[in-house]
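# Per-entry structural report
Below are the chains, spelled out letter by letter.
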Amino acid sequence: MKISYNWLSEYIPEIPEPEKLSSILTSVGLEVESLEKYEEVKGGLEGLIIGEVTECIKHPEADKLKLTKVNTGNGELQIVCGAPNVSAGQKVVVATVGTTLHPLKGEPVTMKKAKIRGYESQGMICAEDEIGIGESHEGIIVLPNDVEVGSEASVYFNPYADWIFELGITPNRMDAMSHLGVAKDVYAYLSHHNKKSAPIKSPFKNNFKVDNHKLPIEVIIENKEACQRYSGVSISNIKVKESPKWLQQKLKSIGVRPINNIVDITNYILHETGQPLHAFDADKIKGNLPAGQAGKIIVKNLAAGTAFITLDEKERKLNAEDLMICNGDEEPMCFGGVFGGIKSSVKETTKNIFLESAWFEPKSIRRTSLLHNLRTDASNRFEKGVDISNTVNVLKRAAIMIKELAGGEIASDVVDVYPSPKEKTEVVLRNHYLKKISGKNYHPDTIKNILQSLDFEILKEGLDDLRIAVPFSKPDITLPADIIEEIMRIDGYDNVEIPSAITISPAVETAGFEFAYKEKIANYLIGLGFSEILTNSITNSAYYKEEVLHSTVKLLNNLSVALDVMRPALLETGLECVAHNINHKNNDLLLFEFGKAYSTSGIGNYNEEEHLCLYASGNKNQLGWRGKETKADIYFVKGVCEKLFQSSEVDNISFKISDSSLNAFVNDELVAQINTVDKNKLEQFSIKQPVFFADINWGKLTGFAKKVKIEFSEISKYPEVQRDISMIVNKNISYENVESLIKSLNISKLVNIKLFDIFESEKLGQDKRSLAVSFTFSDKEKTLTDKEIDAMMNKIIVSYEKELGAEIRKAS
């Protein structure tokens, strides 16, 4: 959220400098993510001066250029000028040599001496767009004759400048989502630390006055749960026009585009107080009611499928749960607290308005905002909660501003429908509990002063406790611990006393193996050239099909439409990272991530599984003088997984091919799936090169690795013997069949089996191929004889011929 330093200074009498204020804001829990200088005119017209053209003649070598002499108050400059309106006697804006111009479009330009058609030019006489104060390039700026020569252009034009704080507001701090809210925190901090009370200057004045009762509007709330308070007032005979310069400057500084005086005032009040407002064309509220009968606003839900055209001129079909603001004919005029309708909007021809200030239930607002993809400043405030006690005060403040800036008369009493007034939350804070949690002894007066500066009300003071009423602007505060947090953040977490001695209780490490094992595997993968990534566990539901979303954990209060579910798998968030790298020309990727996937079988039944995922795309090794670059493929990823399992000392590993992936099993339990990412999935992320992916169930693999008992054995003193077999088999026989058959023979002295060649040719026969397999034998007790080895090889050959129908081409 953007906060203006100039704006804040209107409420805080003695405001610190921007850098100091930045530290204060972060200290009180309003983290300053950035502090940037805002300039209405880039560069602030620095270096530009006011000059007077003393001479202007035609350029001898160019028809459209003129030679001028300009008095700058510090001497006379010769300047070549191409503007058609330049003439002697004019007061103009001059950029001398060395001055940097910041044009409205394009990059900054620093003035240098130049020769133009043989004549030296010592600067430039400026047009509006060349210095960024306007869009005109029809000619130079001509100033009034009374402007002093040699004075600074920045003093004459006085461009607006400010410092803008970008605050990272946490969802529970709805009270700080306005300039007044931030000012209250700063006031509390300064009062406490400077031991000097300097109350903020309230913008609310007691000068609201009803002029007449010509435009009464009746308000009826049908859905009292979704709309618990609705206030409004009518203003007649207004003039919709452009806002004054000061109002436009304030809105622009925080990134809000000025529209007209009525809309700008509602936006101004929103950012000042945190209370959203909405202005209706009052003549549209009346609808088809008879003359002389009061207009009517009805807050209700309409039938599902009802058509409604919003301000962006799009037709939307209503959901039965959408809270709507309707006119006397029960026609929808606005999504309550979210977005207005085109028909009742304020236009240049609008003469009468009805101004709304209400409190809408956050869940209702959230639901409508997400359903119709309408994310607005108003919905953002209502979703977090607004101060229900402040609707009328804010309404009166806005009405007075409208009278001042748009004319008109307040043409009705304030309508305030508040069916069930809320009571303030009361919390009892005990001193011993405050000391226990904060670790600090606070003086009772200090506690009271901090809380009262934050608008808390002290209801009763006991010997060891305080009964406190919580302001409506802080709905998240319900417990004594919440009150302690308020005290500590204003006092400063840096001021928590640290005792001279700290005692700790020894703890038994319960997850030592898991941490060490994860570190081991991570180091192994890094050694292979992989890089670790960490992606967001909250992702976009648009990535997944409906059958997946059925068991996906959905967020109730997501901050973004694109981040609305807990990821059911790591693939999609990893592909976001792959796409980002490829878009930045980093095409050769070996990535891995440890992370959790989430699922649900209903409310309260949630599950999370930890996974290790591998991603490979592009080349697995780079071109060099010792070798060519090699593309990553699914066999490379399978090999990495296999070595990873072996490094974990996990036995009984087998790989089986399914319809969509290569599956890895340990003791016949699925632990990993390896596949080539589907083209349709890659298109979702605009990835045009193959990506190979392995999803390892880290919880299961860790469980198997934890059971492994490490045993040491002496390296065999006797040589290993290697034999090869080349055989012809049907193409439908996979290497998995070849390997599993040998393992089933239980040949104790066979220590390794490896496929080293595949050959296919029509000469071998239809649907045939040749597999070459290497066998390694070893005996720890003695050197194997040829007779023993031949016996084992014959057993293998017979088994292949009998079980696989293999034709042995060669055995060696």
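Note: the structure precedes this text.
Attention in this report is confined to the structure presented alongside it. (Residues numbered from 1 in each chain as written. Predicted model: local features only at pLDDT ≥ 70, side-chain atom pairs only at ≥ 80, totals over all residues. Heavy atoms only, no water.)

### Examining the overall build of the protein
When helices and strands are counted, the protein shows 22 helices and 42 strands. Principal-axis analysis of the C-alpha atoms gives the protein an extent of 115 × 90 × 70 Å. Expressed as a percentage of the 812 residues in the protein, the buried residues total 47%. For the protein, restricting intrachain contacts to residue pairs at least 6 apart in sequence, the fraction spanning at least 24 positions comes to 70%. By element, 49% of the accessible surface of the protein is carried by carbon and sulfur atoms, the whole surface being about 42600 Å². Between the mean site of the 97 positive side-chain charges and the mean site of the 114 negative ones, the protein shows a separation of 1 Å. (Helix = DSSP H or I, 4+ residues; strand = E, 2+ residues; numbered from the N terminus. Buried < 20%, exposed > 50% of the residue type's maximum accessible area, 1.4 Å probe, protein only. Contact = heavy atoms within 4.5 Å. Areas by Shrake-Rupley, 256 points an atom, 1.4 Å probe, with all protein chains shown as cover. Lys, Arg positive; Asp, Glu negative; His and termini not counted. Charge placed at Lys NZ, Arg CZ, Asp CG, Glu CD.)

### Points about the layout of surface pockets
For the largest pocket, the calculated volume is near 2400 Å³. Looking at the lining of the largest pocket, the elements with two or more residues in it are α18 (634-647), β35 (653-657), β36 (662-666), α20 (698-707), α21 (735-744) and β40 (750-759). Per-class residue counts for the lining of the largest pocket are 19 nonpolar, eleven polar and 16 charged. (1 Å grid on protein atoms, 1.4 Å probe; cavity = no way out; pocket = protein on both sides within 12 Å on 5 of 7 lines; lining within 4 Å. Points joined across faces, edges and corners; volume = space filled by probe spheres on them. Nonpolar A, V, L, I, M, F, W, Y, C, P; charged D, E, K, R; others polar.)

### Topic: helix α13 (residues 444-453)
Among the residues of α13, those classed as buried are Thr-446, Ile-447, Lys-448, Ile-450, Leu-451 and Ser-453. Check the buried side of α13 and you find it contacts α5 (179-194), β25 (426-430), α12 (431-438), β26 (457-461), β27 (465-469) and α14 (480-491). One or two steps after α13, the chain reaches Asp-455, where phi turns positive at roughly 75 degrees.

### Section: the nonpolar core
If you look at the biggest cluster of nonpolar residues, it comprises 70 residues, and the most contacted ones within it are Leu-25, Ile-262, Ile-402, Ile-483 and Ile-487. With eight residues, helix α11 (residues 391-406) is the single largest residue contributor to this core. When neighbours within four sequence positions are excluded, Ile-487 is seen to be in contact with Leu-429, Leu-434, Tyr-442, Ile-447, Ile-450 and Leu-451. Tyr-230, Phe-280, Met-324 and Val-415 belong to the second-largest nonpolar core, a separate cluster that totals 35 residues. (Core = buried A, V, L, I, M, F, W, Y, C linked by side-chain atoms within 4.5 Å.)

### Concerning the packing of helix α9 (residues 362-371) against helix α10 (residues 377-384)
The geometry of α9 relative to α10 is characterised by a closest axis approach of 7 Å and an angle of 145 degrees between their N-to-C directions. Considering how the two elements wind past one another, α9 and α10 form a crossing that is left-handed. Each of Pro-362, Ile-365, Arg-366 and Ser-369 in α9 lies in contact with α10, whose residues at this interface are Ser-379, Phe-382 and Glu-383. Class assignment of the residues belonging to the contact of α9 with α10 gives a composition of three nonpolar, two polar and two charged. (Axes fitted to C-alpha atoms, helices over the stretch in contact; angles between N-to-C directions. Left-handed = near helix turned anticlockwise from the far one by under 90°.)

### A word on the environment of Leu-525
Here Leu-525 shows up in helix α15 (residues 512-527). Of the residues examined, Leu-525 reaches a relative accessible area of 0% and is grouped as buried. Residues within four places of Leu-525 in sequence aside, it is in contact with Phe-530, Phe-592, Leu-612, Leu-614, Val-640 and Leu-644.

### A look at the packing of α13 against α14
The description of two helices packed together rests on the angle between their axes and the distance between the axes. Following both chains from N to C, one finds α13 and α14 inclined at 95 degrees, their axes separated by 10 Å at the closest point. Here α13 lies roughly perpendicular to α14, going by the angle between them. Here Ile-447, Ile-450 and Leu-451 of α13 come into contact with α14, specifically with Ile-483, Glu-486, Ile-487 and Ile-490. (Parallel < 35°, antiparallel > 145°, perpendicular 65-115°, else oblique.)

### Remarks on the sheet that holds strand β19 (residues 323-326)
One open sheet holds the five strands; their spatial order is β13-β16-β19-β20-β21, and the pairing between them is mixed. Every interior strand has two partners, whereas the edge strands, β13 (217-221) and β21 (339-340), have only one. Pairing analysis gives four bridges linking strand β16 (residues 295-301) to β19, with the strands arranged antiparallel. Within β19, the position partnered with Lys-300 by the bridge is Met-324. (Pairing = 2+ DSSP bridges.)

### Let's talk about the environment of Ser-473
Looking at the element boundaries, Ser-473 is found in the loop between β27 and α14. A relative accessible area of 14% means that Ser-473 is categorised as buried. Counting along the chain gives 297 residues from Ser-473 to Ala-176, while the straight-line C-alpha distance between them is 9.0 Å. Leave out the neighbours within four places in its chain, and Ser-473 touches Met-174, Asp-175 and Asp-387.

### Side note on the sheet that holds strand β32 (residues 605-617)
Taking strand neighbours across the sheet as the criterion, the seven strands line up as β28-β31-β32-β38-β37-β36-β35 in an open arrangement whose pairing is mixed. Two strands bound the open sheet, and with one partner strand each, they are β28 (531-532) and β35. Here strand β37 (residues 669-676) runs beside strand β38 (residues 691-697); their pairing, made up of five bridges, is antiparallel. Within the sheet, the bridge partner assigned to Thr-676 lies in β38 and is Phe-692.

### Regarding the packing of aromatic side chains
Summed over all chains, the structure comprises 15 aromatic pairs. A ring pair is formed by Tyr-5 and Phe-165, whose centres lie 6.4 Å apart and whose planes are at 45 degrees; its orientation type is tilted. Of the two residues, Tyr-5 sits in helix α1 (residues 5-9) while Phe-165 sits in strand β12 (residues 161-168), which places them 160 residues apart along the sequence. Neither Tyr-5 nor Phe-165 differs from the other in exposure class; each is buried. (Phe/Tyr/Trp six-rings, centres within 6.5 Å; stacked < 30°, edge-to-face > 60°.)

### Considerations on helix α2 (residues 18-27)
An α-helical turn contains 3.6 residues, so a residue and the one three or four places further along point in the same direction. For α2, every residue scored as buried is listed here: Pro-18, Leu-21, Ser-22, Ile-24 and Leu-25. Projected down its long axis, α2 shows its buried positions confined to an angular sector of 165 degrees, all on one face. Each element contacted by the buried residues of α2 is listed here: α1, β2 (31-39), β12 and α5. Gly-29 lies just past α2 and shows a positive phi near 100 degrees. (Arc of directions from axis to C-beta.)

### Here's the deal with the pattern of salt bridges
Under the definition given, this model contains 40 salt bridges. Asp-185 is the salt-bridge partner of Arg-489, the closest N and O atoms lying 2.8 Å from each other. Here Arg-489, found in helix α14, pairs with Asp-185, found in helix α5; they are 304 residues apart in sequence, far enough to count as distant. (Salt bridge = Lys/Arg side-chain N within 4 Å of Asp/Glu carboxyl O.)

### A word on the side chain of Ser-617
Here Ser-617 shows up in strand β32. Within the local environment of Ser-617, its side chain forms a polar contact with the side chain of Gln-689, the two groups lying 2.7 Å apart. (Polar contact = N/O pair within 3.5 Å; in protein donor to acceptor, adjacent residues only side chain to side chain.)

### Concerning the environment of Glu-610
Within the fold, Glu-610 resides in strand β32. With a relative accessible area of 25%, Glu-610 lands in the partly exposed category. In sequence terms Glu-610 and Val-219 are 391 residues apart; their C-alpha atoms lie 54 Å from each other. Apart from the residues lying within four places of it in its own chain, the contact partners of Glu-610 are Lys-518, Gly-595, Lys-596, Ile-696, Asn-697, Trp-698 and Gly-699. Among the polar contacts made by the side chain of Glu-610, one reaches the side chain of Lys-518 at a distance of 2.6 Å.

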